[in-house]
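# Inside the fold
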Amino acid sequence: MARIVFRLATATVGVGLLAAYVLAAVVVFEGLRFLGALVPGVVELVVVLVVVTLTSAYISHRVGTARLVAAIESDRLPRDHAPRLHRRVDELVARMDVGRPALYVADLRAPNAFAVGGADGGALVMDRSLFRLLSPPEVEAIIAHELAHLEAGDGFVMAVADGLARTIVGLVTLAAMPALLALSGLAQGSAWIRGRPGDPSGVFSRLRLTLVGGLIGGFVLATLLVRARSRKREFEADTRAAEVTGNPLALARALRRIERATEPAWPFAPLSTHQQTDESIERWLSTHPSIDERVERLQRQAEA
């Protein structure tokens, strides 16, 4: 008797769950169909998405530049404090199709430099330790590399690429939401009706996991594509810097010095979490290529 009561109770819960999820799926589906009816066609939808993505990327790029410079508590570097450095920047800018960026110095806790903005100017931020670590030709090579990023508009390009990738993944996820809700209702409802709540072995549970895995895989693929594009633009900035300065080996030496300066000094560093990342995964997810690859390419450029 108790078993019959239990099965009736679980079946009732299962039917209720199934009805609730199916109702939610229908509501979401009808909402998406209503939104789709507002757009005349596929071409118009694509145009709207591209315009929205470009606009949001531009605003984020412009606003983010000022916010980033303010967030790191950098100091503007006046010309009278570093006249030689400013002259070198002037000479590099004259050789490139880029506006002159404002120079900042900051304590970045690591020897590093980065440029924010676009070809019409922007800001170039350098860690103070670079001036102790690098020789003047090496500092010039690092500056030329960052100017190459500004010249190519890499910040805006990557913002657009990231925005497009996220938009596409988001639209696919939204379109799959009715099916995901329906499968969730079928999976949980059927498990309760069978008297086995939480049982993941049902066919609907497997279909739901497959759909979720596909959505996650799409997000990972989009991330990998954006990161791959970022690594390619780093190579292009290296090549451009070497062309402008005429000294590929100076940039190669600078990269090696920065690499050594950022390596963990702790004697047990190989056992730390810093060293435990799988190399292949790290390489695929990194926004920058390895120093070895960059130095090798610069050496080949110098030999050529």
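Residues numbered from 1 in each chain as written. Predicted model: local features only at pLDDT ≥ 70, side-chain atom pairs only at ≥ 80, totals over all residues. Heavy atoms only, no water.

## Description of the overall build of the protein chain
Each helix and strand counted, the protein chain has 10 helices and 4 strands in total. Traced from its N-terminal end to its C-terminal end, the protein chain shows the element sequence α-α-β-α-β-β-β-α-α-α-α-α-α-α. For the protein chain, the proportion of its 304 residues judged to be buried stands at 34%. For the protein chain, the share of sequence-separated contacts (at least 6 apart) that also reach a separation of at least 24 residues comes to 69%. (Helix = DSSP H or I, 4+ residues; strand = E, 2+ residues; numbered from the N terminus. Buried < 20%, exposed > 50% of the residue type's maximum accessible area, 1.4 Å probe, protein only. Contact = heavy atoms within 4.5 Å.)

## Quick look at the packing of aromatic side chains
Tallied over the entire structure, the rule returns 0 aromatic pairs. Between arginine 297 and the ring centre of phenylalanine 235, over which it is positioned, the NZ or CZ distance is 4.1 Å. (Phe/Tyr/Trp six-rings, centres within 6.5 Å; stacked < 30°, edge-to-face > 60°. Lys NZ or Arg CZ within 6 Å of the ring centre and 35° of its normal.)

## A word on the side chain of histidine 86
Residue placement: histidine 86 occurs in helix α3 (residues 83-95). Residue classification places histidine 86 among the buried residues on the basis of a relative accessible area of 5%. Those residues in contact with histidine 86 that lie beyond four places of it in its chain are Leu77, Pro78, Arg79, Arg100 and Leu103.

## Some details on the pattern of salt bridges
Inspection of the entire model under this criterion finds 18 salt bridges. One salt bridge connects arginine 79 with aspartate 90, and the closest N-O pair in it is separated by 3.0 Å. Placement of arginine 79 in the loop between β1 (75-76) and α3 and of aspartate 90 in helix α3 is noted, with a sequence separation of 11 residues between them. Aspartate 292 is paired through a salt bridge with arginine 256; the nearest N and O atoms lie 2.8 Å apart. One end of the pair, aspartate 292, is in helix α10 (residues 291-303); the other, arginine 256, is in helix α8 (residues 248-262), with 36 residues separating them in the sequence. For aspartate 292, a relative accessible area of 46% translates into the label partly exposed. Through salt bridges with shared partners, one network takes in Asp75, Asp107 and Arg128. (Salt bridge = Lys/Arg side-chain N within 4 Å of Asp/Glu carboxyl O.)

## Section: the confidence of the model for the protein chain
Per-residue pLDDT for the protein chain averages 83, and the proportion of residues at 70 or more is 86%. Within the protein chain, the lowest mean pLDDT, 67, falls on helix α9 (residues 279-285), and the highest, 94, falls on helix α5 (residues 136-152). Throughout residues 265-278 the model reports pLDDT below 50, and contacts reaching past four residues in sequence, or to other chains, amount to 9 contacts. (pLDDT = per-residue confidence, 0-100.)

## Observations regarding α5
The terminal C-alpha atoms of α5 lie 24 Å apart, and with 17 residues this matches the ideal 24 Å at 1.5 Å per residue to within 8%. Of all 17 residues making up α5, 13 are buried, and the element is well covered by its neighbours. (Expected span 1.5 Å × (residues − 1).)

## Brief notes about the side chain of glutamate 140
Tracing the sequence through the fold places glutamate 140 in helix α5. The exposure class assigned to glutamate 140 is buried, which follows from its relative accessible area of 12%. Among all residues touching glutamate 140, those that are not within four sequence positions of it are Arg88, Leu92, Arg95 and Thr245.

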